[in-house]
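# Observations on chain architecture
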Amino acid sequence: MIVSKKNRFVFIKTPKTAGSSLEFYLSQFCGKNDIITPLQPDEEILKKKLSIPIKRNYIIKKFSLKNFKKFKFTKKIVLHDHVSLKYLERHIKLNLKDYFIFAFVRNPFDWIVSHFWWNLYFYKIFEIREINKLKKNEIKILFKLYLNLNCSFFFSTVRQMIESKNNKVKIFKFEDLTKNVIIIEKQLKLKKRKVDFADINLKSLPIKSQVRKKLKLDKNDVKLILKEGKYFFDQNKYSKIPPKNYI
């Protein structure tokens, strides 16, 4: 997440929508008082090498009487990269109605599949070399297990991240990423970039295309994704027919 007081914008970083690349890119326009949540250690090192603002102001101290007996009158609020807008509204005193608040969404079929592959790697279920050796039936079993355990939680969590009763959130589509970055630049009047967005490509997993193609959706998979991802299908007018590569 980025909260830029300098440029009056809030970027809500949804998972698997090039969020780290977007945060990396947008950081270069930030000022000293802006909030920039941490990326991965190697990404923060790269930002530093390029003289781009690194993580800052994401740990906030708030007045609190909960530990009054211990003579502690503050508590720490730590903002992480996928923090929700509601959490920000609750803990940060800013008039967000003056801010351009935006986030990215994705075709729910592609979205949940992308998160599945990332889960295998990020939670160290398999190394990349092992993922690239998985057979079709193994992928099918793993994906079904993942869907049953995570599908509902994933879509409900992302929805909670971007919904707000108090502030308007502009939703952009991941499928038009490059085009939408240009729109955001113009909207915010961002200038003097050090790095072009096209030169940033973070968290791209080296999973072979022939392995990715082994993942197919059956009727039950489709039914579950349509049910749990209904909000995103309806709100963003995505086709409820799975992409051909999953059939």
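Described below are features of the structure shown in this document. The numbering scheme is per chain: residues are counted from 1 as the chain's sequence reads. Where local features are concerned, this predicted model is filtered to residues with pLDDT of at least 70; where side-chain atom pairs are given and counted, the filter is 80 or more; whole-chain, interface and lining totals use all residues. Heavy atoms from the whole structure form the basis of all side-chain values; hydrogens and water molecules are not counted.

## Some remarks on the packing of helix H1 (residues 19-27) against helix H2 (residues 41-49)
- What counts as an axis is a line fitted to C-alpha atoms, over the stretch in contact for a helix, and the angles between N-to-C directions run from 0 to 180 degrees. Under the DSSP-based scheme used, a helix requires at least four consecutive residues in state H or I and a strand at least two consecutive residues in state E, with every element numbered from the N terminus. Where H1 contacts H2, the axes come no closer than 11 Å and their chain directions differ by 25°. Put simply, H1 runs roughly parallel to H2. At the point where H1 passes H2, the crossing takes the right-handed sense. Only Glu43, Leu46 and Lys47 of H2 make contact with H1, whose side of the interface consists of Ser20, Phe24 and Ser27.
- Side-chain classes are defined by residue name, with Ala, Val, Leu, Ile, Met, Phe, Trp, Tyr, Cys and Pro counting as nonpolar, Asp, Glu, Lys and Arg as charged, and the others, Gly among them, as polar. Split into classes, the residues belonging to the contact of H1 with H2 amount to two nonpolar, two polar and two charged. Oblique is the label for every angle not falling under 35 degrees (roughly parallel), over 145 degrees (roughly antiparallel), or within 65 to 115 degrees (roughly perpendicular). Should the near helix be turned anticlockwise from the far one by less than a right angle, the crossing is left-handed, and should it be turned clockwise, the crossing is right-handed. When checking whether two residues touch, look at their non-hydrogen atoms; a contact exists if any pair is within 4.5 Å.

## Focus on the sheet that holds strand E6 (residues 100-105)
- Spatial ordering of the open sheet is given by E3-E1-E2-E6-E7, a layout of five strands whose pairing is mixed. The open sheet has two edge strands with one neighbour each: strand E3 (35-36) and strand E7 (169-173).
- Of the pairings in the sheet, the one linking E6 to E7 comprises five bridges and is parallel in character. Directly across from Val105, in E7, lies its bridge partner Lys173.
- Helix-sheet contacts for helix H7 (residues 177-188) involve strand E2 (9-12), E6 and E7, and the interaxial angle to E6 is about 180°. At least two DSSP bridges between two strands are needed for those strands to be called paired.

## Some points on the pattern of salt bridges
- Every case where a carboxyl oxygen of Asp or Glu lies within 4 Å of a side-chain nitrogen of Lys or Arg is listed as a salt bridge. Within the structure shown, the criterion is met by 10 salt bridges.
- When the shortest N-O distance is used, the salt bridge between Arg193 and Glu185 registers 3.2 Å.
- Buried, partly exposed and exposed residues are distinguished by accessible area as a fraction of the type maximum, computed with a 1.4 Å probe on protein chains only: under 20%, between the cut-offs, and over 50%, respectively. The exposure class assigned to Glu185 is buried, which follows from its relative accessible area of 13%.
- Connected via shared salt-bridge partners are Lys13, Glu23 and Asp81.

## A closer look at the environment of Ile101
- Structurally, Ile101 is set in strand E6.
- With relative accessibility at 2%, the residue Ile101 sits in the buried group.
- Considering only alpha carbons, one finds Ile101 and Asn236, 135 residues apart in sequence, at a separation of 17 Å.
- Those residues in contact with Ile101 that lie beyond four places of it in its chain are Val10, Ile12, Leu85, Leu96, Asn167, Lys168, Val169 and Lys170.

## Focus: a nonpolar patch on the surface
- Patches draw on residues past 30% relative accessible area with no salt bridge. Two like charges within 9 Å are joined, as are two nonpolar side chains (Val, Leu, Ile, Met, Phe, Trp, Tyr) within 5 Å. Throughout, the Shrake-Rupley method with a 1.4 Å probe supplies accessible areas, and for residues the shown protein chains are the sole cover considered. Taken together, Tyr121, Phe122, Tyr123 and Ile125 make up a surface patch of nonpolar side chains, about 420 Å² in accessible area.
- Along the chain, Ile125 falls in the loop between helix H4 (108-122) and helix H5 (128-131).
- Note on Ile125: relative accessible area 47%, which makes it partly exposed.

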